[in-house]
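# Fold and geometry: a report
Below are the chains, spelled out letter by letter.
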Amino acid sequence: MSQVPDGDGPVTENRAAENYDAVIVGAGLAGLYQLYLLRQLGLHARIIEAADGVGGTWFWNRYPGARCDVQSMSYSYSFSPELEQEWEWTEKYPTQPEILRYLNHVAERFDLTRDITLSTRVVSAQYDDATARWTLRTDTGSTMTAQFVIMATGCLSASKLPEIPGLERYRGRKHHTARWGKEEIRFDGLRVGVIGTGSSGIQSIPIIAEQAADLTVFQRTPNFSMPAGNRPLEPGEVAELKASYRGWREAQRTSRAGIPAPEATEFALAASPGERAARYQAAWEKGDLVSLGGCYVDILIDPAANETAAEFIRSKIRAVVHDPETAETLSPRTFPFGTKRPCLDTGYYATFNRPNVHLVDLRMTPLIEFTESGLRTSAAEYEFDAVVFATGFDAMTGALAAIDIRNGNGLSLSSVWTAGPRTYLGVAMAGFPNLFTITGPGSPSVLSNMVVSIEQHVEWISDLIAYLREHGYAAAEVTAEAEESWVTHVAEVGSLTLFPRANSWYMGANVPGKPRVFLPYIGGVGAFRQKCEEVAASGYEGFTLRRAGELAAV
Ligand code: NA7
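First, a word on what this report is: a plain description of the structure on this page. Remember, predicted model here, so these are calculated numbers, not experimental data. (Residues numbered from 1 in each chain as written. Predicted model: local features only at pLDDT ≥ 70, side-chain atom pairs only at ≥ 80, totals over all residues. Heavy atoms only, no water.)

A word on the sheet that holds strand E16 (residues 386–389). One open sheet accounts for five strands, arranged E7-E16-E8-E9-E12; its pairing is parallel. Pairing within the sheet leaves two strands with one partner each, and these edge strands are strand E7 (173–176) and strand E12 (357–361). The mean inter-strand angle of the sheet, taken between neighbouring strand axes irrespective of direction, is 20°. As paired elements, strand E8 (residues 191–195) and E16 share four bridges and run parallel to each other. Across the sheet, residue Val192 finds its bridge partner in E16, namely Ala386. Its contacts with the sheet place helix H5 (residues 199–211) against E8, strand E9 (214–219), E12 and E16, and it is angled at close to 155° to E9. (Pairing = 2+ DSSP bridges. Helix = DSSP H or I, 4+ residues; strand = E, 2+ residues; numbered from the N terminus. Axes fitted to C-alpha atoms, helices over the stretch in contact; angles between N-to-C directions. Contact = heavy atoms within 4.5 Å.)

Printed below as a string of structure tokens:
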């Protein structure tokens, strides 16, 4: 957490502003690589990071069982062949501690640490049209100016608590999966309640269940989850991928989701039930996020096709969970498969066969309030020694909205985004020159292997900055027309799919009052990259580029 200076009052009022070519907000996967590339360009750049260590998502999400759902050798930087060769991943899916070790290694190996300010949260960013510079203020009272500001603030970093009254009354232990402490937290012999059955709940529940005397899971919406099939990596397969890494990286970059997979060509409803079952079973056994949804072209487009995949997963739940009523409660029926982020698990459904685990269906009996000793639903009162909130995030816009970002006219980004975020390529906003977002709304981001999308955005932003400097430009600003046309395109492509039918965080539906807009871009990583490359090749079509002498005219 950020450290606010205590004792002597604000340290800063008379502290001189530090001046940079670029300030990067956030030291996760995106911020680290951005710093590395800007340094290569010769920029004086600095990362400001709220946490007291690097790692972003992987710094904060330390809950038991936290693991990436993209395979380790693919969920890693591609920019350094040496790094690729020397780092040894140990499991098919990397644990949070292993990824955090990797990111700390990257920060040290590329000597990034000396340009990272930790324990400092950027609270505001104000642009000045006349100088084409941003002024940033932090919660430690420091001020800095920069020509470029790059928000590497993450898509899932603004965590949220459930909107249930009385939280302050509850006297037991409280833990949010995305704000887990650094010390080991155990639940041995305790009565525990877990709220939330997204990825964080589904990964942590089996482990908490093994420790707790008694575990109650509060489920609002059941999720589709598939077995991860996690296992140690074999030396042979590691060597094989390391030998062919360049080709693999290229395949990642041109794939749909940053995870190379065969493109389906057939329609689910054209196949016989037996053919479908065999194909779904083979995909199920692969233990990954993309194979099942990728079995047929129409799964994310046609509700009837989707239902065949959804019912296949429900049959798996029924096969594992002994009590038919519990199996049915765990079976998703209110949204199409794939339109909320599916999960990968290790023993999730079987956990509900344990005598110490109970499932509460919040659709039947909603949460009413916290009490001093636990929780009350419309049907019963529960007492807990510890409550775990696996209640997710204000996704994609939450971390940006938390910073008071204002343009030269004093207009805030949040006020421009009241009806939903507006970006060009998820990377820049009209009216906010020299401000960039890595994997912002309107880019493939959370629908893809984040590392692939992060590298693409970071490289694109770096190329744009290099172009500006080479050609003597002081500022780049997206035109209103380019932004409008991209926002329209993102919405149109989204509306061709089943995604808008789900109350998901992709739609902003998990945050009361948030506009219902499909936030990521579903056009695919490869196609998106191509579009970005075309924009760059055209001399940054869609941007107005200004030289220093033209700034006053703005
Ligand atoms: P998610 O996937 O947003 O899951 C949050 C869960 O918490 C989900 O089951 C929510 O139910 C539930 N929730 C949220 N608010 C409430 C309230 N007020 N009452 C009851 N239940 C609630 O977050 P995760 O951290 O698990 O995963 C985020 C992403 O990280 C994941 O998708 C991967 O990309 C990695 P709901 O479904 O909204 O009804």
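So, about unusual backbone geometry. Positive phi values are uncommon outside glycine, yet Thr439 reaches one of about 50°. Examined against the element boundaries, Thr439 turns out to sit in the loop between strand E19 (432–437) and helix H14 (450–470). Among the residues examined, Thr439 registers a relative accessible area of 4% and is labelled buried. With a phi angle near 70°, Tyr540 is a residue other than glycine that sits in the positive phi range. (Buried < 20%, exposed > 50% of the residue type's maximum accessible area, 1.4 Å probe, protein only.)

So, on to the environment of Tyr280. Along the chain, Tyr280 turns up in helix H8 (residues 273–286). Measuring from C-alpha to C-alpha, the distance between Tyr280 and Cys295 comes to 6.9 Å, with 15 residues separating the pair along the chain. Those residues in contact with Tyr280, other than ones at most four positions away along the chain, are Ala268, Leu292, Cys295, Tyr296, Ile299, Ala305, Thr308, Ala309 and Phe312.

Of all nine residues in strand E6 (residues 143–151), nine are buried, a share of seventy percent or more. Sheet analysis places strand E1 (residues 18–25) next to E6, joined by seven bridges and oriented parallel. The residue bridging Glu18 from the neighbouring strand is Met144, located in E6. Turn length for the strand E5 (residues 133–138)-E6 hairpin, with the two strands adjacent in sequence and antiparallel, is four residues, and the turn residue Gly141 shows positive phi of about 90°. Of the strand pairs in this sheet, E6 and E19 are connected by three bridges, and their pairing is parallel. By the bridge assignment for E19, Val149 is matched with Leu435.

So, about the site of the ligand. In the vicinity of the ligand, 20 residues are found, and the nearest of them are Thr197, Ser200, Arg220, Thr221 and Lys340. One of the side-chain N or O atoms of Thr221 is found 2.4 Å from an oxygen atom in the ligand. In the model, an oxygen atom of the ligand is placed 3.2 Å from a nitrogen or oxygen of the Ala390 main chain. Classifying every residue of the shell around the ligand by side-chain character gives seven nonpolar, eight polar and five charged. (Near = heavy atom within 4 Å. Polar contact = N/O pair within 3.5 Å; in protein donor to acceptor, adjacent residues only side chain to side chain. Nonpolar A, V, L, I, M, F, W, Y, C, P; charged D, E, K, R; others polar.)

Our next topic: the packing of helix H1 (residues 29–40) against H14. Where H1 contacts H14, the axes come no closer than 9 Å and their chain directions differ by 30°. Crossing hand, H1 versus H14: right-handed. Listed contacts from H14 to Leu29, Ala30, Tyr33, Gln34, Leu37 and Leu38 of H1 are Val451, Ile454, Glu455, Val458, Glu459, Ile461, Ser462 and Ile465. Each residue belonging to the contact of H1 with H14 can be placed in one class, and the counts come to ten nonpolar, two polar and two charged. (Left-handed = near helix turned anticlockwise from the far one by under 90°.)

This part is about the pattern of salt bridges. Two side chains with opposite charge may pair up if their charged atoms get near one another. Inspection of every chain in the model, using the stated rule, returns 32 salt bridges. Two residues, Arg318 and Glu311, come together in a salt bridge whose shortest N-O distance is 2.5 Å. The exposure class of Arg318 is partly exposed, given its relative accessible area of 38%. Put simply, Glu477 and Arg546 hold a salt bridge, and the shortest N to O gap is 3.1 Å. Placement of Glu477 in strand E20 (residues 473–478) and of Arg546 in strand E21 (residues 543–547) is noted, with a sequence separation of 69 residues between them. (Salt bridge = Lys/Arg side-chain N within 4 Å of Asp/Glu carboxyl O.)

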